[in-house]
Amino acid sequence: MGILPEIHAPHSYSPQHYPIHLLSRITIANFEEFYAEGCGQILPMSAQISEQSTPTSNLTQSLVAYFSASSPASNSLTAATFQPQRAVRTETPGLIKLSGGLVVMDTGVMGLNSMNSTVRRGLRRTFRVRGPRFPAGPMRARFSLFGYWSQPKGKLCMVGSSLFHENGGTLKSLDAVLNLNIPVKLSINDSLITGVLDSLSGKDAMSQHFASVSLLGLSRNSDYEYTLIGKESGDNGKGNFSEFDDKSTENLSLENLQQDLCSLFRWNTPFSLEYGSACETSANCNPLGNDSQLLPTVVVLWKLQCSNQGKLLMLLKFRNTSNFYYNVDYYGFDPSTSFIGEGEWNGKENRLCLNACRFLNFSDSLVGTFVGDCSIKLCLGFSATISVRSRSPFWGQIWSSKMQGDPGFFHKAHLRGPVLALPMVKYKYTMMDLVGGSCPNVQNAKGKGKTYPSWSSRDMMFDLTVKDSKGSVVRGYSTPLFVGDQQYQWSYYGARYYRGINRTVTMMPIHSNATLGTLQNISYSMSFSVPANIKFGIAGREDLSPRSLEIFAEGVYNQDTGSLCMIGCWDPQSNLTLKRSNALDCEVQVSVQFPSLDAKSGEKIKGSIKSLRKKSDPLYFDQLEVSSDSIYYGQAVESIWRMDLEIVMVLVSNSFLCIFLGLQLLHVKKHPEMLPFISILMLVVLTLGLMIPLLLNFEALFKGNTNQKNVVLGSAGGWLEVKEVIVRVVTMVAFLLQLRLLQLTWSTRNSEETRESLWGSERKALYLSLPMYLVGGLITLFIYLWKNSHSGPRNRLWLHQYQHISLWEYLKSYAGLVMDGFLLPQILFNLFFDSREKPLASSFYMGTTIVRLLPHAYDLLRAHISPQYLDMSYIYANHRMDFYSTAWDVVIPLAGLLFAALVYLQQRFGGGCILPKRFRVRSSVYEKVPSIGNDEL
């Protein structure tokens, strides 16, 4: 497989995926009457020989193509795809009866409302898909076509229909005839498929007329004949490519790249364009011509054909951020911003050179387009070494072979490919002299007995939070590229683009010339994105559009102290339209301090990025602060293990809760007269404590939610979510049991003769409990406001982006505290009613108390054996669901046990037994006495 980065072209949409032919006016059964009108004069019909169809592979090579579509009526350009489906041979030699599908990506090119919906609109109304909202895309027309194709003549003519639903009105049929001219013998001058899609004039109201659409496509037939590159190569292997300046760079061969040419360019590869200094004064810089309104910043190489002899047919698609159109760029091409060319691999020079041509005569109609002006040259090489200034192994040049002043001439431009880690590519350290002068403390520092990350471990990768001097904060990512002389084995770049190459996790030995004791040479890539409408310190231009910044740096890492110091380069013109080559600012110092592997909670990666230039220099910027919320790999593994354990503990706790509720229901079943003496307020508190978490997480019962845990913990997050769903199912069972107990108590309370006295005591308990709950809530609100007012803007932003504890989180923690004291309403009810009944089974109130208090005991233990790496990973004894600290973990259990003891005393000696005798009130409940029969009297 190829090893270049890809821009995937989505699968072409075939009408066979949409059963529109079931409603179309033109079908396989009746197409002949329409064919006679639209195609009879071009390709007469012929009877088929048999029902056996021709293999579709033969059709695919000749007919599958990506088209551009335009219409003078709409003055617009879109893409179209044609897909043959079934072919049958006829009595006429070379004439094939054909059915297929044509998809026009935007009906606006047909003079129709492009934002309309079609028959699929009904599906959108029926099913509401949850997720982010995206702007509605242009409407597509999908034609089911039937007709004939003459291979000797290179003619194709078909008729068919598509459905159209305009402005919510009547569903109409788009009846069309498609005429294509297909080259019989393919070469650079005969590689285009041209044609027209016309409307068949319908005589009834069900037919919708549309504007004529011209089509331009590129054939991908494997029988292509290379005629241009052979003339240009010359005897010495250079020919007209001698102007290519390879700067005596050693290039990698295909054997070094471990790929053949076809696999190497399997994917559509983007290259950035950098222009020379002559472009600042000269107008002849645009490869598309001086008349073009677009100065391209990127060229994408799209492979059309490839031969085993090392030759390629490629499409060169130029673009910048302002001309990226999804339909055209992924399905077709714009002839005004594209070249087509032939290339050949030069095994002697280890480079690929192409001779490219322009598309001409397309302004009025695409039908008249032809290939000409083949004066464009392009060469690409794959460097054997990269450095902080030359960061990509893919590099090249594009130029015109015309004389300056001739039409179509443009100055040479440089191509830079993406930053990738390819096999056999080495890194050359070129800034180490500056590193030695700028980072003496790192190189001479000695360790203090702590252990820091190894230079070859995955802990060297981390995310970035970068803050400038004005308080603006952006996010990014940082990863090593090379450690010593070897590629970093966990590199994002290497792992992404190694295709078909076996990457092992075993690091190759570090060469001694790059290692000095515990000091290690290392190179990094640090990238971050600046959102729109933010003037960030390192890129504080007036341009407020979103942009990406990347710093490539090299330096020294001291494993004894965890200190990293580097000198790097960044591109000040990263968002400029006209990019100059070699315009890097390489006077940037990057310092990073890693925490030790056994660091306490809260110790994070910190550092700075500062300019070494004078303040008067235009490229100077104020120091940037760098921090990271990343945790080490070992810490993440420990967190995953702890989360598994905590999920089991939650599952066991909820299961015991179900058991204790079952025992309470069994108790009241044996003693139904005890039900009225259970506090309704206590049952409401317990029921809400189970119901609210279920409501907040109800969606997880049916659909897994991707959250921060998945991002940090990777693939383990999916299995953790499954376990969490199981926990919620058990919680649901406990909630239903609790709800049943509440229902039984409520119904029995309302039917009792003493309900007035019972409800009176209940109201007194409510009047006393409610103010206590409200005061506690107000205190929680005050603490939240006080903490936020005493944190600076940067801390508030950091908390908001990472583990921000909102007011809602504080209230949830307070609700957990209320649940811990769930026996308080029962104690007050017993006190006011002065009852000696035993409505609560000891297994229920003691067991539930233990279930509520065990998390606090566990939190005390966890604080001593497991540092706090990820607060978001806490499941059992979750800090966001209750108050947890050393003090709370002692006070809450003692209070809970005290409440349980008070209930025990009240049920044994009466509700008022907990008060001094002089404060006790006489019970209003009549004691039950045995009834006396007449005989005893």
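Residues numbered from 1 in each chain as written. Predicted model: local features only at pLDDT ≥ 70, side-chain atom pairs only at ≥ 80, totals over all residues. Heavy atoms only, no water.

For the protein chain, the name recorded in an unreviewed UniProt entry is RING-type E3 ubiquitin transferase, with Trapa natans as its organism. Per UniProt, the comment on the protein chain under Pathway (unreviewed entry) is "Protein modification; protein ubiquitination." Note on the protein chain: under the UniProt heading Catalytic activity (unreviewed entry), the record states "S-ubiquitinyl-[E2 ubiquitin-conjugating enzyme]-L-cysteine + [acceptor protein]-L-lysine = [E2 ubiquitin-conjugating enzyme]-L-cysteine + N(6)-ubiquitinyl-[acceptor protein]-L-lysine." (UniProt positions renumbered as here; feature names shortened; annotations may be inferred.)

## A look at the overall build of the protein chain
Helix and strand counts for the protein chain stand at 20 helices and 29 strands. Look at the contacts in the protein chain between residues 6 or more apart in sequence, and 69% of them connect residues 24 or more apart. About 45,000 Å² of surface is accessible on the protein chain, with carbon and sulfur atoms providing 56% of the total. (Helix = DSSP H or I, 4+ residues; strand = E, 2+ residues; numbered from the N terminus. Contact = heavy atoms within 4.5 Å. Areas by Shrake-Rupley, 256 points an atom, 1.4 Å probe, with all protein chains shown as cover.)

## Some points on the confidence of the model for the protein chain
This prediction gives the protein chain a mean pLDDT of 77; 75% of its residues lie at or above 70. Here residues 234–238 scores under 50 on pLDDT; set against residues more than four positions off or in separate chains, the count is six contacts. Contacts of residues 698–717 to residues separated by more than four positions or lying in other chains number 35 contacts, the stretch itself having pLDDT below 50. (pLDDT = per-residue confidence, 0-100.)

## A short note on the packing of helix α19 (residues 842–865) against helix α20 (residues 888–909)
The contact between α19 and α20 brings their axes to 9 Å, and the two run at 165 degrees. As summarised for this structure, α19 and α20 are arranged roughly antiparallel, according to the angle between their axes. Seen from above, α19 lies across α20 with left-handed handedness. Within the contact between the two elements, α19 uses Tyr-845, Met-846, Thr-849, Leu-853, His-856, Asp-859 and Leu-860 and α20 uses Trp-888, Asp-889, Val-890, Ile-892, Pro-893, Gly-896, Leu-897, Ala-900, Val-903, Tyr-904 and Gln-907. Here the residues of the contact of α19 with α20 are counted per class, giving twelve nonpolar, four polar and two charged. (Axes fitted to C-alpha atoms, helices over the stretch in contact; angles between N-to-C directions. Parallel < 35°, antiparallel > 145°, perpendicular 65-115°, else oblique. Left-handed = near helix turned anticlockwise from the far one by under 90°. Nonpolar A, V, L, I, M, F, W, Y, C, P; charged D, E, K, R; others polar.)

## A closer look at the nonpolar core
By size, the foremost hydrophobic cluster in this structure holds 54 residues, and its most contacted members are Phe-265, Leu-316 and Ile-398. Judged by nonpolar contacts, the second largest core, of 42 residues, contains Leu-690, Leu-742, Leu-744 and Tyr-773. (Core = buried A, V, L, I, M, F, W, Y, C linked by side-chain atoms within 4.5 Å. Buried < 20%, exposed > 50% of the residue type's maximum accessible area, 1.4 Å probe, protein only.)

## Considering a nonpolar patch on the surface
A surface patch of nonpolar side chains, amounting to about 490 Å² of accessible area, comprises Val-648, Val-652, Phe-656, Ile-659, Leu-663 and Leu-666. Its place among the elements puts Leu-666 in helix α11 (residues 633–670). For Leu-666, a relative accessible area of 42% puts it in the partly exposed group. (Patch = residues over 30% accessible without salt bridge, like charges linked within 9 Å, V, L, I, M, F, W, Y side chains within 5 Å. Salt bridge = Lys/Arg side-chain N within 4 Å of Asp/Glu carboxyl O.)

## Notes on the pattern of salt bridges
Considering all chains together, one arrives at twelve salt bridges under this definition. The salt bridge partner of Arg-25 is Asp-175, with a shortest N-O separation of 2.6 Å. With Arg-25 in the segment before α1 (31–38) and Asp-175 in strand β7 (residues 171–181), this pair connects stretches of sequence that are 150 residues apart. The exposure class assigned to Asp-175 is buried, which follows from its relative accessible area of 1%. Arg-852 is paired through a salt bridge with Asp-820; the nearest N and O atoms lie 2.9 Å apart.

## Examining the state of the cysteines
Enumeration according to the criterion identifies six disulfides in this entry. With a sulfur-sulfur separation of 2.1 Å, Cys-353 is cross-linked through a disulfide to Cys-379. Measuring handedness by torsion sign, the sulfur bridge of Cys-353 and Cys-379 sits at about 110 degrees and is right-handed. On the criterion of sequence distance, the pair formed by Cys-353 in strand β14 (residues 351–360) and Cys-379 in strand β15 (residues 370–382) is long-range, its members being 26 residues apart. The same class applies to Cys-353 as to Cys-379, namely buried. (Disulfide = S-S within 2.5 Å.)

## A look at unusual backbone geometry
Note: most residues except glycine have negative phi, and most peptide bonds are trans. Residue Asn-350 is not a glycine yet carries a positive backbone phi of 55 degrees. By the element assignment, Asn-350 lies in the loop between β13 (338–346) and β14. Although it is not a glycine, Asn-361 adopts a positive phi angle of roughly 60 degrees. One can find Asn-361 in the loop between β14 and β15.

## Quick look at the UniProt feature "transmembrane region" (unreviewed entry) in the protein chain
If you check UniProt for "transmembrane region" (unreviewed entry), the listed places come out as residues 647–668, 675–696, 725–744, 765–786 and 885–905 in our numbering. For the annotated span residues 725–744, helix accounts for 100% and strand for 0% of the residues, and the straight-line distance between the end C-alpha atoms is 29 Å. The distance separating the terminal C-alpha atoms of residues 885–905 is 30 Å; by composition the span is 86% helix and 0% strand.

## Observations regarding the packing of aromatic side chains
Within the structure shown, the criterion is met by 21 aromatic pairs. Plain terms: the ring middles of Phe-333 and Phe-359 are 5.3 Å apart, the flat faces sit at 35 degrees to each other, and that makes the pair tilted. Taken together, the positions of Phe-333 in the loop between α7 (326–331) and β13 and Phe-359 in strand β14 put the pair 26 residues apart, joining distant regions of the chain. There is no split in this pair, since Phe-333 and Phe-359 are both buried. Directly above the ring of Phe-241 sits Lys-377, whose terminal nitrogen or CZ lies 5.7 Å from the centroid. Lying across the ring of Trp-399, Lys-412 places its NZ or CZ 5.4 Å from the centre. (Phe/Tyr/Trp six-rings, centres within 6.5 Å; stacked < 30°, edge-to-face > 60°. Lys NZ or Arg CZ within 6 Å of the ring centre and 35° of its normal.)

## A closer look at the packing of α11 against α19
Look at α11 against α19: their axes get within 8 Å of each other, and the N-to-C directions meet at 170 degrees. In terms of axis orientation, α11 runs roughly antiparallel to α19. The residues of α19 that touch α11, namely those facing Glu-638, Arg-642, Glu-646, Met-649, Ser-653, Phe-656, Leu-657, Phe-660, Leu-661, Leu-663 and Gln-664, are Ser-843, Phe-844, Gly-847, Thr-848, Val-851, Tyr-858, Arg-862 and Ile-865. Looking at side-chain class alone, the contact of α11 with α19 contains ten nonpolar, five polar and four charged residues.

## Points about the side chain of Asp-175
A distance of 2.6 Å separates the side chain of Asp-175 from the side chain of Arg-25, its partner in a polar contact. For Asp-175, the contacting residues outside a window of four places in its chain are Arg-25, Ile-26, Gly-160, Ser-161, Asp-198, Ser-199, Leu-200, Ser-207 and Phe-210. (Polar contact = N/O pair within 3.5 Å; in protein donor to acceptor, adjacent residues only side chain to side chain.)

## Points about the sheet that holds strand β18 (residues 413–416)
Strand order in the closed barrel formed by eight strands is β10-β11-β12-β13-β14-β15-β17-β18, and the pairing between neighbours is antiparallel. Across the sheet, the mean angle from the axis of one strand to that of its neighbour is 30 degrees, orientation sign disregarded. Where strand β10 (residues 269–275) meets β18, four bridges bridge the pair, whose relative direction is antiparallel. When the sheet's bridge partners are listed, Glu-274 is paired in β18 with His-414. (Pairing = 2+ DSSP bridges.)

## A closer look at α1
Three- or four-residue spacings in an α-helix give side chains the same orientation, since the helix completes a turn every 3.6 residues. Listed as buried for α1 are Phe-31, Phe-34, Tyr-35 and Gly-38. Down the axis of α1, the smallest arc covering the buried residues is 105 degrees, so these residues share one side. Exposed residues pointing more than 90 degrees away from the buried face of α1 are listed as Glu-33 and Glu-37. Looking at the buried positions of α1, the neighbouring elements they touch are β4 (95–104), β5 (141–150), β6 (155–165) and β7. (Arc of directions from axis to C-beta.)

## Some thoughts on α19
Compared with an ideal rise of 1.5 Å per residue, which puts 24 residues at 34 Å, α19 spans 34 Å between its outermost C-alpha atoms and is within 8% of the ideal. Of all the bends in α19, the greatest, near 30 degrees, is centred on Leu-853, and the proline Pro-855 appears no more than four residues after it. (Expected span 1.5 Å × (residues − 1). Bend = angle between axes of the 7 residues up to and from the residue.)

## A few points about the side chain of Gln-487
Note on placement: Gln-487 falls in strand β22 (residues 486–487). A polar atom in the side chain of Gln-487 sits 3.5 Å from the backbone oxygen of Val-425.

## Examining the environment of Pro-296
One can find Pro-296 in the loop between β10 and β11 (298–306). Sequence-wise, Pro-296 and Asn-320 are 24 residues apart; in three dimensions their C-alpha atoms are separated by 5.1 Å. The residues contacting Pro-296, other than those within four sequence positions of it, are Leu-273, Tyr-275, Asn-286, Pro-287, Leu-288, Phe-318, Arg-319 and Asn-320.

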